[in-house]
Every structure is written in C-alpha cells, then in structure tokens.
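Structure assessment
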Amino acid sequence: MSCKRQEEQKLLTICRENLPKKVLHGAFVLTYDKMRRYEGVWHLERKLLFPECIFLESGQEEALLKELMQGAYFGNIIEGKSRLLQVGQNEENLLRRLCGKQCHLEMSKGIICKGVTRITEGPLKGMENRILRIDRHKRLARVEITGKPNESFYYEQKMESGMKMKPEYRYIPAGLEITEKVV
C-alpha cells in the first residue's frame, strides 16, 4: 500500500472514531477499475477516483464543520494544505449512480459503431453523452461530471479568510473496454 493510501486510511479511521455518529453518516474514498498490461497480460487494478480526497457524508454540514474545527486531530488538516469542499447535489447524484453503495466505479464495456459509442454493460450504460474521450489502448474513458460549463463540481464557498474555493474536477476517469469497432 502506498504512503498516500496509508495516510488516507489513517484519516478515514480518525474521522470514523472521533466524529459523532449523529453528525457523520459516512467517511469513504471513491475508487474505479483500471486495466493495466504488464508481464504480457492485462490486469484489473483498483485506483483512487479522487487521489488525496476523502468524502465525509453528513446531513448537518454546519455541525460537521464545527466538529472538524474543534477536533485536535483535524485543526492542522484544515489549516494546512487540505481543504474542505462541498459536493454539489447534481454531482453527488451522478457519483452515487456510477459508484453505488460500494463506492466503486466498475469497468464498463462497449462498442463503437460508425463513430458512435454505445455502452453495452457497466455503470456507464446510458451515459454515452457524458463520455468526453476514449483511450482504447489504456482502456479508459474521460467522463464529464459537470452539466454546464458554468457549473462546478464543487460549490464555490467563501471561507472566513475571504478566499473562494475553485472547482478542481470537471471529469473523472472510468474503465471502459471497447470490444468491437464497426466502420
């Protein structure tokens, strides 16, 4: 396990053990399947969808923020290079649809027929219009997670210091194997 992955697991454990259950409904990371070829064979690997990000689920955002600010473990995280960002409702719904209860985006399969991509199985089925780019050699797709150009994955939030948080992610990687191409 990589050093960053260990830090994320440690932070998840700290959140789950130290935040009240009435405020924190869940703490998790999102992962996706990726195919990688080595030793002459394709291998299925699990990668982080948002590296160095953990998701905290709460119905009481203000209470959660207050708990994080008060906690000795969390003060240096918030004041340091880490940031707290709120996920927009549309993006949350999309991520829930793609990743499900397991918080994991599985591989999808599809075909390209006369230049049009059609997903035949997997979580991307029915979401062909969100695919921005397909890399057939790496078996990956870029999937748009923002609806309109002026929408952002994260709501801009004005912090006490007056800083605004800028959106970071406009698309996510997703495993996609194209099994057939018809010209």
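Residues numbered from 1 in each chain as written. Predicted model: local features only at pLDDT ≥ 70, side-chain atom pairs only at ≥ 80, totals over all residues. Heavy atoms only, no water.

1. Focus on the side chain of Thr31
When you line up the elements, Thr31 lands in strand E2 (residues 31-38). Here His104 takes part through its side chain, which lies 2.7 Å from a polar atom of the side chain of Thr31. Excluding residues that lie within four positions of it along the chain, Thr31 makes contacts with Arg5, Arg46, Lys47, Leu48, Leu49, Cys103, His104 and Leu105. (Helix = DSSP H or I, 4+ residues; strand = E, 2+ residues; numbered from the N terminus. Polar contact = N/O pair within 3.5 Å; in protein donor to acceptor, adjacent residues only side chain to side chain. Contact = heavy atoms within 4.5 Å.)

2. What to know about the nonpolar core
Formed by 26 residues in total, the largest nonpolar core has its most connected members in Leu30, Leu49, Phe50, Leu98, Leu105 and Ile172. Every element with two or more residues in this core is listed here: helix H4 (89-99), strand E9 (140-144) and strand E10 (171-182). Once you skip the residues sitting within four places of it in the chain, Leu30 turns out to touch Lys47, Leu48, Leu49, Phe50, Phe55, Leu95, Cys99 and Cys103. (Core = buried A, V, L, I, M, F, W, Y, C linked by side-chain atoms within 4.5 Å. Buried < 20%, exposed > 50% of the residue type's maximum accessible area, 1.4 Å probe, protein only.)

3. Quick notes on the pattern of salt bridges
On inspection of all chains with the given rule, the structure shows five salt bridges. Across the pair Arg36 and Glu45 runs a salt bridge whose closest N-O atoms are separated by 3.2 Å. Taking the shortest distance from any N to any O, the salt bridge between Glu45 and Lys47 comes out at 3.7 Å. Judged by its relative accessible area of 15%, Glu45 is buried. Residues participating in the shared-partner salt-bridge network are Arg36, Glu45 and Lys47. (Salt bridge = Lys/Arg side-chain N within 4 Å of Asp/Glu carboxyl O.)

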